[in-house]
Amino acid sequence: MNATEYVLSLDELFAPNALFAAIDSFRESGGHLVILCGMLASGKTTLVQAYAAQRGISDVSSPTFSLAQCYAEDLWHYDLYRYSTEQALALGILDLISIDGLHFVEWGENLGEICRKLGIMPLLNIEIMEAAANRRKYRISICTC
């Protein structure tokens, strides 16, 4: 699994950039599940907001208390922070991520493992490695295992 790293200021995040081009390329090649990893308040929701803004979608907020939100019929956003893997599965997350569209899953590390075991591939993993006041460092990798 090869990884590519991007360093972006928050201003750059809301402008066309290589990170979003990589996400679009992943989607165009048939991928639909993006796992977002990073510490609490590292910018996972901000990344989804910026990606959505590039597509003319506004009013994106964290689905922390609702598990899932859908924007513009094909952009999905999940937050598993408050849910165990078992709870997310019981609530039907595997059914939701099978719906056509691009699915961003915050705190989805465990879901990624389940998807690998079930053969739901490929997965795009985006790890926020560094979160400074006005810049973020991302590591992006595609898992096809």
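Residues numbered from 1 in each chain as written. Predicted model: local features only at pLDDT ≥ 70, side-chain atom pairs only at ≥ 80, totals over all residues. Heavy atoms only, no water.

Participant: Hey, could you run me through the overall build of the protein chain in this one?
Facilitator: Across its full length, the protein chain holds six helices and seven strands. Along the protein chain, helices (α) and strands (β) appear in the sequence β-α-α-β-α-β-β-α-α-β-α-β-β when read from the amino end. Overall, the protein chain is about 40 × 30 × 25 Å in size when its C-alpha atoms are taken along their principal axes. The 145 residues of the protein chain split such that 43% are buried. Pairs at least 24 apart in sequence give 61% of the contacts found in the protein chain among residues at least 6 apart. For the protein chain, the computed accessible surface area is about 7,300 Å², with 51% contributed by carbon and sulfur atoms. In the protein chain, the 10 positive side-chain charges and the 17 negative ones have mean positions that sit 7 Å from each other. (Helix = DSSP H or I, 4+ residues; strand = E, 2+ residues; numbered from the N terminus. Buried < 20%, exposed > 50% of the residue type's maximum accessible area, 1.4 Å probe, protein only. Contact = heavy atoms within 4.5 Å. Areas by Shrake-Rupley, 256 points an atom, 1.4 Å probe, with all protein chains shown as cover. Lys, Arg positive; Asp, Glu negative; His and termini not counted. Charge placed at Lys NZ, Arg CZ, Asp CG, Glu CD.)

Participant: Teacher, can you tell me more about helix α6 (residues 109–118) here?
Facilitator: For the α-helix, the turn length of 3.6 residues means that residues three or four positions removed from each other point alike. Buried residues of α6: Leu-111, Gly-112, Ile-114 and Cys-115, and no others. The buried residues of α6 occupy an angular sector of 160 degrees when the element is viewed end-on, so they sit on one face. Structurally, α6 contributes buried residues whose contacts are with β2 (33–37), α4 (85–90), α5 (93–97), β5 (102–106) and β6 (123–131). One or two steps after α6, the chain reaches Gly-119, where phi turns positive at roughly 80 degrees. (Arc of directions from axis to C-beta.)

Participant: When you look at the packing of aromatic side chains in this model, what are you seeing that I'm missing?
Facilitator: To describe a pair of aromatic rings, you give the distance between the ring centres and the angle between the ring planes. Going through the model one piece at a time under the given rule, you end up with four aromatic pairs. Ring geometry for Phe-20 versus Tyr-51: centroids 5.4 Å apart, planes at 80 degrees, classification edge-to-face. Highlighted residues: Phe-20 in helix α2 (residues 18–28) and Tyr-51 in helix α3 (residues 44–54), separated in sequence by 31 residues. Residue class for Tyr-51 comes out buried when judged on its relative accessible area of 1%. Linked through ring pairs, Phe-20, Tyr-51 and Phe-104 together constitute an aromatic cluster. (Phe/Tyr/Trp six-rings, centres within 6.5 Å; stacked < 30°, edge-to-face > 60°.)

Participant: Even after reading the chapter, I still don't get the nonpolar core, so can you show me in this structure?
Facilitator: Side chains of a nonpolar character, in soluble globular proteins, are inclined to be buried together. If you look at the biggest cluster of nonpolar residues, it comprises 25 residues, and the most contacted ones within it are Leu-19, Phe-104, Ile-126 and Tyr-138. When residues of this core are traced back to their parent elements, those giving at least two are β1 (3–9), α2, β2, α3, β5, β6 and β7 (135–143). Of all the elements, α3 adds the most residues to this core, at five residues. Apart from the residues lying within four places of it in its own chain, the contact partners of Leu-19 are Tyr-6, Leu-8, Leu-47, Ile-126, Tyr-138 and Ile-140. One finds Cys-37, Tyr-78, Leu-80 and Val-105 within the second-largest nonpolar core, a separate group that totals 15 residues. (Core = buried A, V, L, I, M, F, W, Y, C linked by side-chain atoms within 4.5 Å.)

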